[in-house]
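Given next are the chains, with one letter for each unit.
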Amino acid sequence: MRLNGEFYRIESRLEGLPQGQSGLNVILNPDHLIYKAHFPGQPVTPGVCILQMIQELLSEQYGTPLFISKVKNAKFINMISPVTDGRISVLFNSVIEEDGGVKVQGVVSRPDSVTDLFLKFSLFLVKHPV
């Protein structure tokens, strides 16, 4: 299930990052059906949706579909509410092609803040579903 366009949309690319880093600002849709179930009255972005969003954003950056093969680390630090945190940043600190896939490390944070974190992640993605 593709989430881009309905669950979230890309607002802008992060500018002025050090070489080797990239990122995007994303707007969450608080009216999406997922938030009606997770959780009514106090919507929280499901962790699996955050990982799917990261996969889609990296796929777009690479210009080819990528699939999560391994979650090396996913440390959820704070919850993301589309009501209070409707705009988030996804920063790819390191993206390395190796072993026929893409190793990526990064963070999901409040915009313009790499210290106010929602998630730290380290993933391995491949070009063909496993």
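You'll find the structure just up there.
Let me begin by describing the structure that accompanies this report. (Residues numbered from 1 in each chain as written. Predicted model: local features only at pLDDT ≥ 70, side-chain atom pairs only at ≥ 80, totals over all residues. Heavy atoms only, no water.)

Attention now moves to the sheet that holds strand β4 (residues 87–98). Sheet architecture is open: six strands sit in the order β1-β2-β4-β5-β6-β3, paired in antiparallel fashion. Looking at the sheet topology across the chains shown, the edges are occupied by β1 (8–13) and β3 (67–76). Shown here is a sheet whose adjacent strand axes are inclined to one another by a mean of 25°, direction ignored. Looking at chain direction, β3 and strand β6 (residues 117–126) are connected through eight bridges and run antiparallel. Bridging from a neighbouring strand, K75 pairs with K120 of β6. Strands in contact with helix α2 (residues 47–62) are β1, β2 (22–28), β3, β4, β5 (101–109) and β6; relative to β4, the strand with the most contacts, it is inclined by about 60°. (Pairing = 2+ DSSP bridges. Helix = DSSP H or I, 4+ residues; strand = E, 2+ residues; numbered from the N terminus. Axes fitted to C-alpha atoms, helices over the stretch in contact; angles between N-to-C directions. Contact = heavy atoms within 4.5 Å.)

Glancing now at the nonpolar core. Formed by 28 residues in total, the largest nonpolar core has its most connected members in F7, L28, I54 and V108. Taken together, the elements giving at least two residues each to this core come down to β2, α1 (33–37), α2, β4, β5 and β6. With seven residues, α2 is the single largest residue contributor to this core. When neighbours within four sequence positions are excluded, V108 is seen to be in contact with I50, I54, I80, I88, S89, V90, L117, F118, L119 and F121. (Core = buried A, V, L, I, M, F, W, Y, C linked by side-chain atoms within 4.5 Å. Buried < 20%, exposed > 50% of the residue type's maximum accessible area, 1.4 Å probe, protein only.)

A few words now on the pattern of salt bridges. Applying the stated criterion across every chain, the model contains five salt bridges. For E56, the salt bridge identified is with R2, shortest N-O distance 3.9 Å. Of this pair, E56 sits in helix α2 while R2 sits in the segment before β1; the two residues are 54 residues apart in sequence, bridging distant segments of the chain. According to the relative accessible area criterion, E56 is buried, its value standing at 5%. (Salt bridge = Lys/Arg side-chain N within 4 Å of Asp/Glu carboxyl O.)

Glancing now at the environment of L3. Along the chain, L3 turns up in the segment before β1. Sequence separation of L3 and F121 is 118 residues, and the distance between their C-alpha atoms is 19 Å. Leave out the neighbours within four places in its chain, and L3 touches Y8, I34, C49, Q52 and E56.

Each neighbour pair has its own omega, and for H38 with F39 the value is 0°, a cis peptide bond. Locating F39 in the fold gives a position in the loop between α1 and α2. In this model, D99 sits at a positive phi of 50°, which is unusual for a non-glycine residue. Secondary-structure assignment places D99 in the loop between β4 and β5. A residue is classified by how much of its surface remains accessible, and D99, at 71% relative accessible area, is exposed.

This brings us to the pairing of β5. Consecutive residues of a regular strand have side chains that alternate between opposite faces of the sheet. Of all nine residues in β5, seven are buried, a share of seventy percent or more. Both β4 and β5 contribute to a ladder of nine bridges, which runs antiparallel. Bridging from a neighbouring strand, F92 pairs with G106 of β5. Where β4 folds back onto β5 in an antiparallel hairpin, the turn is made up of two residues, including D99, whose phi is positive at roughly 50°.

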